[in-house]
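So you can see what is in the structure, the chains are spelled out below.
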Amino acid sequence: MMIKFMNWADTNKAAVKQQNQWACYISNGLDLSSKNDRVIYDFVIQQIGNLFKEKKDFFSTISNITDGGLFFFESSKEMEHFYYIFNRELTYSSAIYACIYNPNGECLTENK
């Protein structure tokens, strides 16, 4: 039997290169039964609400943040607006990990 393994960083790099777009990876480790983590989550919800006026986009984005994964963007500016939410004083070094990728799949920065 032959097993090939790719960790999340390698998987993200390959996916971003294939899409050839700016991306932000989110891993949500918040414990919503914790008061402190709930404050962070509520802040993220509020900030996403400021970014997305359409309810469909808002709810989809919140659901995807809760699950975690890669978010793709047409431009670096769009991606920076999104990433900024996770790079603020309240969210920086929190249990929500975020990193940004350029279209070549290179991780440029992370919020830890």
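Turning our eyes to something else, we now look at the environment of Thr109. Within the element layout of this structure, Thr109 appears in strand E4 (residues 107-110). Residue classification places Thr109 among the partly exposed positions, given a relative accessible area of 33%. Sequence separation between Thr109 and Ile48 is 61 residues, and the spatial gap between their C-alpha atoms is 21 Å. Beyond its immediate sequence surroundings of up to four residues, Thr109 is in contact with Tyr83, Ala98, Cys99 and Ile100.

It is worth spelling out the nonpolar core at this point. Counting residues in hydrophobic clusters, the biggest one holds 20 residues, and the most contacted among them are Cys24, Ile26, Ile48, Ile65, Phe82 and Phe86. At the level of elements, strand E1 (22-28), helix H2 (35-51), helix H3 (55-67), strand E2 (69-73), helix H4 (76-84) and strand E3 (96-101) are the ones that each hand at least two residues to this core. The dominant element in this core, judged by the number of residues it contributes, is H2, at four residues. Apart from residues lying up to four places away in sequence, Phe86 is in contact with Ile26, Val44, Ile65, Thr91, Tyr92, Ile96, Ala98 and Asn111. Within the second largest apolar cluster, six residues are counted, among which are Val16, Tyr97, Cys99 and Tyr101.

As enumerated under the stated definition, the model contains two salt bridges in all. For Asp42, the salt bridge is made with Arg38, and the minimal N-O distance between the two is 3.2 Å. Of this pair, Asp42 and Arg38 both sit in helix H2, four residues apart, which is roughly one turn of the helix. According to the relative accessible area criterion, Arg38 is partly exposed, its value standing at 34%. Close ionic contact of Glu110 with Lys112 constitutes a salt bridge, the shortest N to O distance being 3.9 Å. Taking the relative accessible area as the measure of exposure, Glu110 reaches 28% and is therefore partly exposed. Given the relative accessible area of 61%, Lys112 is considered exposed.

What follows covers the confidence of the model for the chain. The predicted model of the chain averages 95 in pLDDT, with 100% of residues at 70 or higher. Considering each helix and strand of the chain separately, the mean pLDDT is smallest for H3, with a value of 93, and largest for E1, with 97.

Bringing the pairing of E4 into the picture now. Where E3 lies against E4, three bridges are found, and the strand directions are antiparallel. Bridge pairing in E4 links Cys99 to Glu110. Hairpin connection of E3 to E4: five residues between the antiparallel strands, including Gly105 at a positive phi of 90°.

Residues three or four positions apart in an α-helix share a direction because the helix packs 3.6 residues into each turn. In this model, helix H1 (residues 8-19) (twelve residues) spans 16 Å end to end at C-alpha, consistent with the 16 Å of a helix rising 1.5 Å per residue. With a side-chain oxygen positioned 3.0 Å from the backbone nitrogen of Ala9, the residue opening H1 is Asn7. Backbone geometry just downstream of H1 places Asn20 in the positive-phi region, at approximately 55°.

One can find Asn12 in helix H1. Once residues within four sequence positions are removed from consideration, Asn12 is found in contact with Tyr25, Leu70 and Tyr101.

Cut-offs and rules
- Residues numbered from 1 in each chain as written.
- Predicted model: local features only at pLDDT ≥ 70, side-chain atom pairs only at ≥ 80, totals over all residues.
- Heavy atoms only, no water.
- Helix = DSSP H or I, 4+ residues; strand = E, 2+ residues; numbered from the N terminus.
- Buried < 20%, exposed > 50% of the residue type's maximum accessible area, 1.4 Å probe, protein only.
- Contact = heavy atoms within 4.5 Å.
- Core = buried A, V, L, I, M, F, W, Y, C linked by side-chain atoms within 4.5 Å.
- Salt bridge = Lys/Arg side-chain N within 4 Å of Asp/Glu carboxyl O.
- pLDDT = per-residue confidence, 0-100.
- Pairing = 2+ DSSP bridges.
- Expected span 1.5 Å × (residues − 1).
- Polar contact = N/O pair within 3.5 Å; in protein donor to acceptor, adjacent residues only side chain to side chain.

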